[in-house]
Structures are given as structure tokens and as C-alpha cells.
Amino acid sequence: MDHALHHLLEPSAEYDVDLTVTAGRWPDGISGRALLIGPAQPNAIDFMFAGPGMITDIDLATRHWRTTRVVTPDLAILAGLRQALPPADLAALMATSRPALTNVAPQPFGDRLMLTGLTQRPVEVDPVTLEFTSFLGGVSEYPQVVDHPLWPGVRTAAHPVEDLDEGCLWWCNTTLRPRGTSRTDVEGPLWIVRWDGEGEIDTWYVPGAHLVQGVHEVTVTEDYVILTEIGFQPEPGSVAGRDRTRPHQPFTDIYLVAKRDLTRERRGGAVGVTHARVPRESFHHFADYRQDGDDVTIYIAHSNGWDLNYSLRDTDQVWGSGEPVAKGLRGFVSAPVDASPVGRYVIDGRTGEVRDSRTFLDPDRHWATLLYGRDLRAPALEHGRHLWQAYWGCDPGMLATRVVELYRDHPYRAVPVERLPTAEIPSSLVCLDLETMTEQAAWSFPSGTAGESPVYVPDSADGPGWVALVVHHTDRTELQLFDALSVGAGPVAVASAPGLKLAVQFHSAYLPASTGRATGAARYRRPYADDLGTAWWELPQPARAVVGDVLERYS
């Protein structure tokens, strides 16, 4: 069966179009912007995460849709070098480090907008034009850096978090290196990063946290900064996720660092950490900002057998049939080989004791959790009542035999291997009641389609608000709008434009209606030339000419 997911790696395109309502009625008074971001397709190494960023900006009031490439100085240098150097010379330059790929998440910060990647510093862009403004923090401000004359590597979390009380952003810094001469194991230290929106970043070393897979998201409460290790097993011996030999660890390590230790006087020094562990791999997470004593309430969307670091090849076979996977899936990730729970955990921040544990899961429907949507206004961040979780579902034609075998013996399987789906599990959207961890309402998309990460859109009249999300068909892309607390009634409106067809865009966010240029961005500019230093002066003349031109443009 053909499926929208088989078409998400078709070439990315830029759009500047007005959407037309094709079903239902667009609500009066809706405002703000829905942002989506993902990696441009195709890319040089046939791995879906390896392309530079494509960002989609949808004005919900006017239904104007714009998709454009994210351009940073790193990518400008790469584009110039591709023209100036022979392929072998360029490959040699990229052997030990690569340009920063701003393709993972949009992060609002007051009236400012940050974009992130998997192995780079966050990037600030103009919230109106979406043009590059600055990397956050100079390379010299980070403790863990991979040296390179053009692309110094600074690995951070793809999802920073804004602190309600302190008016800052928190993220982290690490470097994962092979453990000795191992071709399967990596390890690295953890540093907490704080940034107030101006000036240098602050960092603290967390020696009690030993990373072996990495950190994807950071969350915060009034007393703790919290990081989880993502289920994403990197192997030094694999290329672009291929030739993997080991599954992810089947649990989530949670690290809680007390804010009382993250003081300016202790910057650059070591701080303590509380460790907790819960079953199943972590994908995304967040926490209630307000606490009851030292208890922290954290919610985790578990990947649970969804291997996001395995790149499908033409030689991969479909589980059960032995047929080759669809041609359009080369470079895509395998379907998850188990259902995907959402967990709610109450953890003692001082001891790491898990005081309460609940999970939300219907194994017949909930496969492949995407980034959640939630109300980002202060009262909801303090104690959220609802979560909007989208699922890609499961197309049995995307169950790769090699990945099924990697996770056959997962100790927390919800669905035994012998009962893996033989018919499509549709993509769906669920409104989850966080107090009871039960389904408030749900909607399944038509067979062969796929919904992306939802965006909660508040109602200016204090109504329940809406949920907006992109829905992929095999031949087109739609924007669908739901009543936030009545998603089971189906979309209240559907809008699209002729020829509109979006490639994969995983993550999303909501921005209030823009009032113009962000005030903080005008005050913060890191000179990009400072990050490169002088090592690039030793490169061949054609490369020096390219770098000099880019530095002049971004000065």
C-alpha cells in the first residue's frame, strides 16, 4: 500500500502561498503563527536527519504559508566550498566535523526565536524575516568543543527550555567520544548551560552524570533543571545510522540538578546531581514547573523500540514478508517495532525515588509518538491539564526485519514480536488528560496519511483554543485545525494550496502574533569570525577566499 510516509523524503521545496479553506470554517479571531522545522531533502548521506533546516511559518490569521531554507554562516561556507574545491578536498575537510544543521526545533524565548540542531549551538533568527542573527554563546564559552578550522563542533540539547521565574534559557553541552578503541560504545561528560539573553553563557560541570547516548531535551521546574538521556544509540563504527549492531538502552536515565547549586559563584565548577531511572527509552519530556515540596512531576513520551538512528537501505527487508522496503524510504527511519507509551512520573528531587508511575497507552493505536503540543502560557506550564500527542502510527511495510531483531528481546515490550501489526495502524491525534493520564478525546487520520507534531493555539477570548497540525497525503499537504478539547469531532477547518507538498518536518511551536523585531536580538550579536579564529588561514587559497567572503557578509 502506498503511504504518505513513503513520500516524505521527496525533494524539499520553498513556498510562499496563501491557503484556501477546502473544508469547514476557519475560526474568527484566531491569531499567531505555527512554526514547523525539519531537514531538507535530499541530502548527501541518505539519512533523513542530515539535511540543513527547512522552516515553515504559517500566519494563522491570514492563512499565509511560507517555507524557506535556514541559512547560517556554516552553510554559506559549505555552499561556497562545494563550488571552489574538488570533492575529495571537501570530503577531507568534513572528515572530522560538519556544518551546524539547524533543522530540529523552533524555541520561542520571549519575543525572540531560536532554532536548534542535534550537534550545534542554538541559533537566533529574526522572528519576522527568519534570517540568521547569531549563534548563542561563542565557541570559547563552551567547555566541550571538537576543534576544526571551519566548523568547531559544540554538541548541545536540541530542545532548550525557557525558565518561567528566572527569564533565562537552559540547555547543556557534551561531547560523546568512542570509549577507548570501541566501535560500538561512546561516552561523555555533561555540562549545564544557562543563558540570560545577553552576554556570555554560564556553565556548570555535572560529574555524577555519565552520558552514553546523549541528551535531546531539557526541562525545568522551580527548583530543578532536568535532563533525560535519549533513546538514540550512536555507534562509532556505523555510518549515517547504517550497520547498527546494538539497540538503545531499554530505560531512561533522568538527571536532576538543583538550581540552588547553579549559582554564579560556582560557574565553571562541579555540581551535584540526583539520578533516577524509569523503564523504556525517552523521546521527549517536560515537567510541571510548580512543585509539591521536592517532588517533581515529569512526563515522558517513550520511543520504546522506535530506532531513530537506523537509516533504511534498499536491501532492507519487510518483517514477515521478506519483501524489500519501498524505494521512497531509502534514508528514512524504520517504523517503531513496539507501541509508544506516555509516562507520568513523580520523582523525589533529592533522592531520585520514583514515588508514583502511570502510563498512557492503547497498543492498538499508539505507535510512533511525535513532539507533543501543549499550552505554553504560564498557568499551564505551572501545572498543565492537557497534552496533545500526535502519532505517526505504523505502516507494516516500514517494519524492517533488522530493526525488529534488534529489539526482539526488549524487556518492556508492550506488543510481542509475534503480534506486530500486519495491517496499518493509522496516524492519530489524542488529547490526554494529564491529571488522570486518560484519553480526553482522539481522532484518527485517513488510511495512508500522516499527521505531524501538533501546535496548541490559545484563544484570545479565553476559550479552549485550537490545535493546528500539518497532515501529509501521498500527493499534497494540508493544514488541519481542531477544537482543542473536542478533537474527536474531527477538524473544524482544513486548508491547503495548489501544489503544496511538504517534506518531513518533525517539530513545531507556537508564536504569538509578531509585533516586529525582537528587542533582545538587537542587543545580542556574537561575531562569527571569533568562533573560527585563525586556523582557516592555513587552508588552500580557494577555501580561504570562500571563508573570507562569508565572514565579510556576516560581520
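Residues numbered from 1 in each chain as written. Predicted model: local features only at pLDDT ≥ 70, side-chain atom pairs only at ≥ 80, totals over all residues. Heavy atoms only, no water.

**Student:** Please provide a residue-by-residue account of the overall build of the protein chain, values included.
**Tutor:** A count of helical and extended segments in the protein chain gives seven helices and 33 strands. By the compact-globule yardstick of 24 Å for 555 residues, the protein chain fits well, its C-alpha radius of gyration being 22 Å. Each of the three principal axes of the protein chain carries a C-alpha extent, and together these read 60 × 55 × 50 Å. In the protein chain, which comprises 555 residues, the proportion classed as buried is 61%. (Helix = DSSP H or I, 4+ residues; strand = E, 2+ residues; numbered from the N terminus. Rg over C-alpha atoms; globule rule 2.2 N^0.38 Å. Buried < 20%, exposed > 50% of the residue type's maximum accessible area, 1.4 Å probe, protein only.)

**Student:** Tell me about the nonpolar core, and please be specific about residues and values.
**Tutor:** Counting 54 residues, the largest nonpolar core has Met48, Trp306, Phe332, Trp388, Trp392 and Leu429 as its most contacted members. Sorting the residues of this core by element identifies strand E25 (386–391), helix H4 (401–406), strand E26 (428–433) and strand E30 (466–472) as the ones contributing at least two each. In contact with Phe332, not counting residues within four places along its chain, are Leu5, Leu8, Leu9, Met48, Tyr310, Ser311, Leu312, Trp392 and Met398. (Core = buried A, V, L, I, M, F, W, Y, C linked by side-chain atoms within 4.5 Å. Contact = heavy atoms within 4.5 Å.)

**Student:** Outline the sheet that holds strand E33 (residues 507–511), listing residues and values.
**Tutor:** If you walk across this open sheet you meet the five strands as E1-E5-E4-E3-E33, and the pairing is antiparallel. Each of the sheet's edge strands pairs with one partner strand only, and the pair in question is strand E1 (15–18) and E33. Going from strand to strand, the sheet's axes swing by 15° on average, the running direction of each strand aside. Pairing analysis gives six bridges linking strand E4 (residues 53–59) to strand E5 (residues 64–69), with the strands arranged antiparallel. (Pairing = 2+ DSSP bridges. Axes fitted to C-alpha atoms, helices over the stretch in contact; angles between N-to-C directions.)

**Student:** Please give an account of unusual backbone geometry that cites residues and values.
**Tutor:** Look at the link from Gln41 to Pro42: it is a cis peptide, with omega at -5°. For Pro42, the location among the structural elements is in the loop between strand E3 (33–39) and E4. For Leu130, which is not a glycine, the phi torsion comes out positive at approximately 65°. For Leu130, a relative accessible area of 7% puts it in the buried group. Residues other than glycine seldom take positive phi values, yet Asn304 does so here, at roughly 50°.

**Student:** So what's going on with the packing of aromatic side chains? Which residues, and what values?
**Tutor:** Within the structure shown, the criterion is met by 20 aromatic pairs. Ring geometry for Trp536 versus Trp537: centroids 6.3 Å apart, planes at 80°, classification edge-to-face. Taking the relative accessible area as the measure of exposure, Trp536 reaches 11% and is therefore buried. Joined through ring pairs, the aromatic side chains of Phe47, Phe49, Phe283, Trp306, Phe332, Trp392 and Phe506 make up one cluster. A cation over a ring is seen here: Arg121 above Phe135, with NZ or CZ 4.2 Å from the ring centre. The cationic tip of Arg277 hangs over the ring face of Phe251; the distance from NZ or CZ to the ring centre is 3.8 Å. (Phe/Tyr/Trp six-rings, centres within 6.5 Å; stacked < 30°, edge-to-face > 60°. Lys NZ or Arg CZ within 6 Å of the ring centre and 35° of its normal.)

**Student:** Break down helix H7 (residues 541–553) for me, with residues and values.
**Tutor:** Here H7 is 13 residues long and its end C-alpha atoms lie 18 Å apart, about the 18 Å a rise of 1.5 Å per residue gives. Ala543, Val546, Val547, Val550 and Leu551 are the residues of H7 that are buried. Buried residues of H7, viewed axially, fall in a sector of 130°; they line one side. Exposed and oriented more than 90 degrees from the buried face of H7 are Glu552 and Arg553. Residues of H7 that are buried in the fold lie against helix H1 (73–84) and helix H6 (528–532). (Expected span 1.5 Å × (residues − 1). Arc of directions from axis to C-beta.)

**Student:** Account for the pattern of salt bridges, naming residues and giving values.
**Tutor:** Counted by the stated rule, this structure contains 41 salt bridges. Here Glu235 and Arg244 are joined by a salt bridge, their closest N and O atoms 3.5 Å apart. Residue class for Glu235 comes out buried when judged on its relative accessible area of 6%. Accessibility expressed as a relative area gives 1% for Arg244, which makes it buried. Salt bridges sharing partners connect three or more residues here, namely Asp163, Glu166, Arg194, Asp196, Asp202, Lys259, Arg264 and Arg267. (Salt bridge = Lys/Arg side-chain N within 4 Å of Asp/Glu carboxyl O.)

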